Amino acid sequence: MASSFHAFLVNDLFGDPALYVSLPWERRALLFDLGDVNSLSAGRLLKITDVFVSHTHVDHFVGFDYLLRVLLGRPKGLKMYGPPGFIDRVEGKLRGYTWNLVEGYTLVLEVHEVHPDRMLRARFACPDGFARRDDPTPCLCDGVIVEEPQFRVRTSLLDHRIPSLGFALEETVHLNVDKDRLDNLGLPVGPWLMDLKRAIRAGAPGEQPIRVVWSEQGRRRERALALEDLRRDVVRISPGQKLAYVTDVVYSPENTDKITKLAWGADIFYCEAAYPNRDCERAAARFHLTAGQAGRLAAEAQARRLSVFHFSPKYRDCPGELLDEAMAAFGRRLSA
């Protein structure tokens, strides 16, 4: 089954945490953590609509300034999500700059701060010099912080001696287009398929027409077909895919329980593996996971694949040791 989430770690195993997730049919992207993102092209950064920050240690948040620099002056909005105190941290970053020449700039940051039973929300608009405007507080239902027709994002507050957010990205339903069926109907692949998938996910009525426009031998062609006919003839519906992301947590019974529930059945689980098993005491003292603990968490969550990252630079000369320990505890090969 083709993946709906095109995800990759921005940096190497020892670099700052940042997971880029492209949603190709939506022409947008999500970013999990905001470490160093200078290697991402401006084109990729401009596709980001939502940023999910586990916590604001410098290696998870230093990329904010670079992302802001690229987005500034663009007709764009950005939603951000982080742990308790996150709104104050964003406000502090913005106050570090002078905003006296931003007439005509329209960038707006919508910043959400996750608490156990609610979210705080504030807006920072560039035309107002990014002055803080607090909005009414939305409730938090079953850890869901984003709910859209295409996907949802769920979170859990974990222990890193400060709150650190783990995340799960869940596709509501997986829609796969049968190319052979399209060919049989004389229909082309094209942007119209995005409209079709959106309509299906939104529960649109079956009689709703879907317009298909394309060019053939220099001539414009157009057809309108009922949503129900297309859904029956060319779309294969299956359970949605799931991606989990956890970093900077201590290995404890409470965290284990929360992480297992959050990552349960994930198609791919991105998990930090900062230390080798031989330094488990150091890992505990620093509130991080060992590679073996990351592997066990993925196995307990029954994840299909595991991708480890965020190795401590202290072990730059022996990455294979951490990879082998994670793989042994997980019980299968790791994802590249």
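Residues numbered from 1 in each chain as written. Predicted model: local features only at pLDDT ≥ 70, side-chain atom pairs only at ≥ 80, totals over all residues. Heavy atoms only, no water.

Below, the discussion takes up the packing of aromatic side chains. Scanning the model with the defined rule gives 13 aromatic pairs in all. Between Tyr-245 and Phe-309, the ring centres sit 5.4 Å apart and the planes meet at 25°, which makes this aromatic pair stacked. Taken as a pair, Tyr-245 in strand 16 (residues 242-246) and Phe-309 in strand 18 (residues 306-309) lie far apart in primary sequence, 64 residues in all. The buried category is assigned to Phe-309, whose relative accessible area is 2%. An aromatic cluster is built from Phe-32, Phe-52, Tyr-81, Phe-167, Tyr-245 and Phe-309, whose rings are joined through pairwise contacts. A cation over a ring is seen here: Arg-44 above Tyr-20, with NZ or CZ 5.9 Å from the ring centre. One cation-aromatic arrangement involves Lys-93 over Phe-61; the distance from NZ or CZ to the ring centre is 5.3 Å. (Phe/Tyr/Trp six-rings, centres within 6.5 Å; stacked < 30°, edge-to-face > 60°. Helix = DSSP H or I, 4+ residues; strand = E, 2+ residues; numbered from the N terminus. Buried < 20%, exposed > 50% of the residue type's maximum accessible area, 1.4 Å probe, protein only. Lys NZ or Arg CZ within 6 Å of the ring centre and 35° of its normal.)

According to the stated counting rule, one finds 27 salt bridges in the structure shown. One salt bridge in this structure joins Glu-147 and Arg-152, with 3.4 Å as the shortest N-O distance. Arg-152 sits in the partly exposed class, given a relative accessible area of 21%. A salt bridge links Lys-261 to Asp-257, with the shortest nitrogen-to-oxygen separation between them at 3.3 Å. In this pair, Lys-261 and Asp-257 are both assigned in helix 8 (residues 253-263), 4 residues apart and thus about one turn of the helix distant. Accessibility expressed as a relative area gives 59% for Lys-261, which makes it exposed. One salt-bridge network, in which partners are shared between bridges, spans Asp-142, Glu-147, Arg-152, Arg-154, Glu-170 and Lys-242. (Salt bridge = Lys/Arg side-chain N within 4 Å of Asp/Glu carboxyl O.)

Among the residues making up helix 7 (residues 227-234), those that are buried are Leu-227, Leu-230 and Val-234. Taken down its axis, helix 7 places every buried residue within 75° of arc, on the same side. Contact partners of the buried residues in helix 7: strand 12 (173-177), helix 5 (179-185), helix 6 (192-201), strand 13 (209-216), strand 14 (219-226) and strand 15 (235-239). (Arc of directions from axis to C-beta. Contact = heavy atoms within 4.5 Å.)

The next subject is helix 4 (residues 86-95). Buried within helix 4 are the following residues: Phe-86, Ile-87, Val-90, Glu-91 and Leu-94. Buried residues of helix 4 fall within an arc of 135° about the axis and therefore sit on the same side. Where helix 4 is buried, its residues touch helix 2 (58-61), helix 3 (64-71), strand 5 (77-82), strand 6 (108-114), strand 7 (119-125) and strand 8 (131-135).

Next up on the list: the sheet that holds strand 17 (residues 268-272). Here 6 strands make up an open sheet; going across it, the order is 9-10-11-16-17-18 and the pairing mixed. Both outer strands of the open sheet, strand 9 (144-147) and strand 18, are each paired with one neighbouring strand and no more. The sheet shows a mean angle of 15° between the axes of neighbouring strands, taken without regard to direction. With 3 bridges joining them, strand 9 and strand 10 (residues 151-159) adopt antiparallel strand pairing. (Pairing = 2+ DSSP bridges. Axes fitted to C-alpha atoms, helices over the stretch in contact; angles between N-to-C directions.)

All right, on to the packing of helix 10 (residues 291-300) against helix 11 (residues 319-330) then. Between two packed helices, both the angle of their axes relative to each other and the distance between the axes serve to describe the pair. One can describe the packing of helix 10 onto helix 11 by two numbers: an axis separation of 7 Å at closest approach and a directional angle of 30°. Classified by the interaxial angle, the pair formed by helix 10 and helix 11 is roughly parallel. Crossing handedness for the pair helix 10 and helix 11: right-handed. In contact with Ala-291, Gly-292, Gly-295, Arg-296, Ala-298 and Ala-299 of helix 10, helix 11 contributes Leu-322, Glu-325, Ala-326, Ala-329 and Phe-330. Taken together, the residues of the contact of helix 10 with helix 11 sort by class into 7 nonpolar, 2 polar and 2 charged. (Parallel < 35°, antiparallel > 145°, perpendicular 65-115°, else oblique. Left-handed = near helix turned anticlockwise from the far one by under 90°. Nonpolar A, V, L, I, M, F, W, Y, C, P; charged D, E, K, R; others polar.)

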